[in-house]
Amino acid sequence: MHLKSVYQLLCLDFIVGPSIMKSVSSNVSFLVYVFLFLAIKESLARDADIPHNEVTNWAIRFGVQMWEIGKQTTRLKDIHERYKQEATIRRVDGLELLRQMADDVDKMVESRTLAVRRIMDVAEQASMSHREDSGIVANYYNAKRLNEWYDGDQVELKEGYKELKLTPNPRFFGTSVNLSLSSVHVPTNVFDGAPDVQNSLFWSERLNPIFVHNYETDPTLSWQFFGSSTGYMRQYPAVKWLQDEYEADLFDCRVRPWYIRAAASAKDMIILLDTSGSMTGVRKEIARHVVINLLETLSDNDFVNVMKFGEVPEAVVPCFQDKLVQANLENIRELRLALDETETVNIANFSAALTQGFEILAKYNRTNQGTQCNQAIMLVTDGAPQNYHEIFEKYNLPHKPVRLFTYLIGREITDTKATEDISCNNKGYFTHVTTLAEVREQVLKYIPVLARPMVLYQNHHPVVWSHVYADLTDPKLSDWLWELRERRRQRDRTTNFRQLHKIQAENGSYYVYFDPTQGKTANSNPRYRLMTTLATPVYDRRNFSNITEYILVNDAVWVERIKTVRTANILGVAGTDVPVKDFQKLIPAYKLGVNGYSFITTNNGYVLFHPDYRPIYQDILKPNFNAVDMSEVELVDTDDEPRNNDTVLMQMRREMIEKRDGEMNMRVRVHIDSMRRASIRQNRYFYKGIKETPFSLAIVQPEGYGQYRVEGQKEIKHYRLGNVSELFKKKNWKVHPDWIYCQYMYDTPDHALLTPEAEVFHFMERSQRPAWKWRSRYGAQSSKDSSKGGIYSKRQNKDDYFCDKDLFQSLVFDAIATQPFDEKGLIKYSKSDGLGILKMFGVSIIFVATRSGLLKWHDEVTLAEREDGVYHPYGEGYENRHFSESNNGAIDEIWYKRAVEQNSVEPDSFVYSLPFDAGMKNDSLVTASHAIFVDKEGHKAPAAVVGLQFKHSLFVETFFNITHTCMAGMKCNSTCASEELECYVLDNNGFIIISEKRENSGKFFGEVDGTIMDSLVHYEIYQKIRIYDYQSVCFDKTEKKSSASLLLTPLKTIKLAASWAVGRLSWLVLQTQLSQFLSESWVGAISQLAEEVREEVDDFVEATDPNQDFPPDPKYSDPPVIEVGNPNIEAARINKTRVRPCDREVDLYALQQEKLYDSEKQQNKPLKGRLASCSQSTFGNQCGRSFTAHRIPHSNLILVVVDTLCPCDSRKMSIEPMEVYYNETERCDRLSQPLYRQRPTECISYHPEEEEIKMCGTCSKSNFSLFGLLLPLYVILRSILSS
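These notes cover the structure that comes with them.

The rules behind the values
- Residues numbered from 1 in each chain as written.
- Predicted model: local features only at pLDDT ≥ 70, side-chain atom pairs only at ≥ 80, totals over all residues.
- Heavy atoms only, no water.
- Helix = DSSP H or I, 4+ residues; strand = E, 2+ residues; numbered from the N terminus.
- Buried < 20%, exposed > 50% of the residue type's maximum accessible area, 1.4 Å probe, protein only.
- Contact = heavy atoms within 4.5 Å.
- Areas by Shrake-Rupley, 256 points an atom, 1.4 Å probe, with all protein chains shown as cover.
- Disulfide = S-S within 2.5 Å.
- Axes fitted to C-alpha atoms, helices over the stretch in contact; angles between N-to-C directions.
- Parallel < 35°, antiparallel > 145°, perpendicular 65-115°, else oblique.
- Nonpolar A, V, L, I, M, F, W, Y, C, P; charged D, E, K, R; others polar.
- Core = buried A, V, L, I, M, F, W, Y, C linked by side-chain atoms within 4.5 Å.
- Salt bridge = Lys/Arg side-chain N within 4 Å of Asp/Glu carboxyl O.
- Pairing = 2+ DSSP bridges.

### Quick word on the overall build of the protein
Then, in step 1: Of regular secondary structure, the protein possesses 37 helices and 49 strands.
Then, in step 2: Classification of the 1283 residues of the protein by burial places 56% in the buried group.
Then, in step 3: Look at the contacts in the protein between residues 6 or more apart in sequence, and 77% of them connect residues 24 or more apart.
Then, in step 4: Here the protein has roughly 56500 Å² of accessible surface; of this, 50% comes from carbon and sulfur atoms.

### Focus: the state of the cysteines
Then, in step 1: Per the counting criterion, the structure on display carries six disulfides.
Then, in step 2: Across a sulfur-sulfur distance of 1.9 Å, Cys319 and Cys1228 are joined as a disulfide pair. On the sign convention where negative is left-handed, the bridge of Cys319 and Cys1228, at about 105° about the S-S bond, is right-handed. Separated by 909 residues along the polypeptide, Cys319 in the loop between β10 (313-315) and β11 (325-326) and Cys1228 in helix α36 (residues 1224-1232) bring together distant segments of the chain. Each of the two residues, Cys319 as well as Cys1228, counts as buried.
Then, in step 3: In this model Cys373 forms its disulfide with Cys1243; the gap between the sulfur atoms is 2.0 Å. Here the S-S torsion is close to 105°, and the disulfide linking Cys373 with Cys1243 is therefore right-handed. Placement of the pair is Cys373 in the loop between α12 (350-366) and β12 (374-381) and Cys1243 in the loop between α36 and α37 (1266-1282), with a sequence separation of 870 residues.

### Some details on the side chain of Asn888
Then, in step 1: Within the secondary structure, Asn888 is located in the loop between α27 (883-886) and α28 (894-903).
Then, in step 2: Setting aside residues up to four positions removed in sequence, Asn888 forms contacts with Lys734, Val735, His736, Pro737, Leu855 and Glu893.

### What about the packing of helix α5 (residues 76-86) against helix α24 (residues 805-817)?
Then, in step 1: Between α5 and α24, the least distance of the axes is 9 Å, while the angle of their chain directions is 130°. When the interaxial angle is binned, α5 and α24 end up oblique. Contacts from Ile79, Arg82, Tyr83 and Glu86 of α5 reach α24 at Phe813, Asp814, Ile816 and Ala817.
Then, in step 2: In terms of residue class, the contact of α5 with α24 is built from five nonpolar, no polar and three charged.

### Remarks on the nonpolar core
Then, in step 1: Counting residues in hydrophobic clusters, the biggest one holds 173 residues, and the most contacted among them are Ile271, Val290, Val304, Tyr407, Tyr446 and Phe583.
Then, in step 2: It is helix α6 (residues 94-129) that provides the largest number of residues to this core, a total of twelve residues.
Then, in step 3: If you look at the next biggest cluster of nonpolar residues, it comprises 52 residues, including Leu76, Phe841, Ala928 and Phe955.

### Some details on helix α7 (residues 195-204)
Then, in step 1: Of all ten residues that make up α7, seven are buried, and the element is covered over most of its length.
Then, in step 2: Of the positions making up α7, those classed as buried are Val197, Gln198, Asn199, Ser200, Leu201, Trp203 and Ser204.
Then, in step 3: Its buried side turned inward, α7 meets α6, β4 (183-185), β5 (224-228), β6 (233-236) and β20 (570-579).

### Notes on the pattern of salt bridges
Then, in step 1: Per the counting criterion, the structure on display carries 60 salt bridges.
Then, in step 2: Across the pair Arg614 and Asp612 runs a salt bridge whose closest N-O atoms are separated by 3.1 Å.
Then, in step 3: Arg614 sits in the partly exposed class, given a relative accessible area of 24%.
Then, in step 4: Note on Asp612: relative accessible area 11%, which makes it buried.
Then, in step 5: Between Asp661 and Lys688 there is a salt bridge whose closest N-O contact spans 3.3 Å. You can see Asp661 sitting in the loop between α22 (647-657) and β26 (662-672) and its partner Lys688 sitting in strand β27 (residues 677-689), a full 27 residues away along the chain.
Then, in step 6: Given the relative accessible area of 53%, Asp661 is considered exposed.
Then, in step 7: A single salt-bridge network, built from bridges that share partners, covers Asp252, Arg254, Glu296, Arg336, Arg440 and Glu441.

### As for the sheet that holds strand β25 (residues 635-636)
Then, in step 1: As summarised here, the arrangement of the six strands in space is β22-β21-β28-β27-β26-β25, forming an open sheet in which the pairing is antiparallel. Each edge of the open sheet is held by one strand with a lone partner, namely β22 (607-609) and β25.
Then, in step 2: Across eleven bridges, the pairing between β26 and β27 is antiparallel. Bridging from a neighbouring strand, Arg667 pairs with Gln682 of β27.

As structure tokens, this is what we get:
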């Protein structure tokens, strides 16, 4: 019998007492029994001790064996010798490198600026020479009416549509375009048949030649466009507007960030919202939408506040009382949400509201806060009782620094004189908003008024840059897109509920599965293309205009009159997009080196791009995605509280905002791998302003290896071993997909090279021709031709190309240096083994990646096939993507970065990694990577990384083969196969690589045994690194609606019926183009109303009986989450949430291998630990739990062995980020007190001749519309039922 079993029997006897002891032979005395009990107990205690010497031996044997296998299979020694013999080491001058990169960016900026100025100049001349004609009909390509045929037969075009040849073009993100002309987007709320729109469309046709000329001059240009003040946008090249037929087209160029910034200088805005008792029902709804649309016209260069006023004026957000706040997305969101909570009571105290508005603006102007430019008060009311001349005389006369814009709400209001006077006497504009449909058009009328001083100066056209934004997506729609997505999920879950009943009947249980990767539906937004836009205003050079006035003769008769008046009109904005990738291409990553990076900041301190910039969550833009501050992505290594900004970081931030040149050292915390791994790094920062922009560029180098580069290039013409293209004849190589080696200027059919590899090989062959020349991107410099009165540049030839000579020749050098890897037959195995190593470990691939972006590999799948003849390189049930398809980023790959970092810890080692979800797969692949450094004259730099992938199951098997035995000739008391010991292999971030329980593979060790992990942190084996995520999102649950809500009142049934009727009519108008026959003032709200109606109907579906027969919607498929229970409507209901920006924190861990290794003695220094008194026995005795940690040489791994005899309780440790909660004061200070920023350099807010312009708005004429009759009915009904 095993000693442990004897001990357990004696324990039982001793506990239950003498009755059992009588069964023992009477010859054995009680004292002997006790002695035997204690002796066995002591023996077991000794037996349970961890065999530390054996554990050390296991760690060494395992580490050495894996190192030798890696060396042999990857040929790393031979490759290292090649680099050592032929390459050199060069110290990188960070300031000089930055200067070169900034010069390239400056040239790109100059080229884009010249292109935009050409568009502006031609537009102003075309408008000047055009004669207005009220009957003119423009011939143009409507981007929303292209290439659609009846019945899909491509024979007969749909009525109102045109045919246009479109060809996919890589320069425009693969979109099908026509490079010969432009197309026009007309928003839903704009009637393209209106005379002013038609005239503008007619003369803007003359922009096509300059669009084409710009592109031929600089083929790196992206989209060019002219956004008209009438609402349309002419865009080059021509493209079909991709809009889902079930989605409303909400795009309007006049509320895009580039238009807002270019059309008027920065502004301080106070919005005064009348919330008196008369502002109820439809008026309240219209007023709310007026405020929302005003907020949408602001950018982060503006400052704003919304004050509601009844008897006493107060900020809608209490935190913003008596303040102006920066109009970034987060503050705008706070204001919008607060509008939903406003109530209409009491009477309106206009005097108090206007006084407070003026005093706030005066305080900010006096104390040098805010924009120090335009100032405006926007009064939203249903009527002012007087013109309040005494207030304006006190605060605003004689110079009128504050403009007053009034928005009179309500169709039935007839006395408008006082409200008009308020605007007309204060350089503002009066608008009468009678319906929801005309809100946007009326709101946008204030922008041309703010633009008047710029227009009057005529010759001064400020060039502005927008903040980062996402292609055609409105950043303010993040909340709406999230709600839309959740409603779709709910609808799909509900309408398919009958199928769930069927599943239950067949299987006897209820299954609903929710896929956490949700959102992959037909209507999901495509990948966002981040960009900024360069834009400039376009002026009407005529000082006078003929306008049409409608004079109300009596209550029923309007008289039309033509009048010539002094004007200063802005025609629109000319611009071109600059994708963020265009900046990044001019700052090549290979020059920055592995773990080096670059970023750009704006005048507000926000990043344009950064490696830690994460703007998207589950395919939807985060609510605050374009206001991510530099201090939120550069995490200084400090133990301060969150957002307690470091002095050194703030100094660098300030200098970058002011566009100074400088350099700085900082110790920072860096996270990778979806914020699961962290390290601390010393970085060197170099920064410099970019000319003619509000941006500054910074490059970052890791201290040490980041300051040196491997210098190795092979001049193609001097290659003596044959044609250089022969190096790339095989198919087992790839290059970095985002790096430019050589590229044609134009994407013509003749240059249709489908892959980066095909492009590289093409130019390799072309480089062998006698006439080959190296050409840079901006070889043809622009020049001014003053004799022609404009700006002209040299046109490029269609076969022109440009190359990065250094990168191209480095690629050739690396191809030669890695030739030993190609000589696969020379891999040295023992004769007895043959290729047994590959079979033993299930090696699937061997690879090498280099500093030039080159990736080579050997597939070993046939040598490591499964017994069933089917090989699954990434585990069964997972997509069978080849390694080269998802790992072709070279120095950008995580395994490359980690291998280079590991070199400073242990040069002769591999970094092993395992997917975090490996425990949920049948089998996974272990990736092992090793960095090859070139070391010369005491300095070293990374040249390449070699590695291999092999089966995790065979890796585990090898480990246990070693740890189940002891040193030769010695008897084992305990091994990893024993019940007394639990063995784990952990990586350098605390993740389990090997465990006896397969389901633990890939998990964080703290989730399995948090007590031991905590002890490893206590003994400083692992260092705890706290990471703050300032770009996170959190979710607030929205209130559930009761299924019985329909029973509360029959009016809800009427409401839903009315919603359905109005909604169907709205979508009919949109889909059949009937909108062109309605008054343009009504079209704007159709899309918004239709979506609100869909929400109402979705809620109705959610609250209805699930047993009804709902037809399934094939467009949406939300796979089910497994739940067990009775099928009822609650089971199909999702937990609806509202996403909001928030901060999170998480503790991550990094191994400190020096704690387990004595560098002086050059031997391991294992940790021997014990959890004392962690469990109490029946007698009250407490036992301890022993554990040990040993370094596994030649790796990033440690071996942890834990005694399992003492049943200690183990707490759990999580690495899931948790929300950081702030008190209201802290939160308020962060929102209302922005960090240091710099105002835009241009401010044009005053011109002395502006007083001559008397146009300040008149009452809008009402047109009959069926939609206009139904809309107020719907709004009134909804207001009644929601109360």
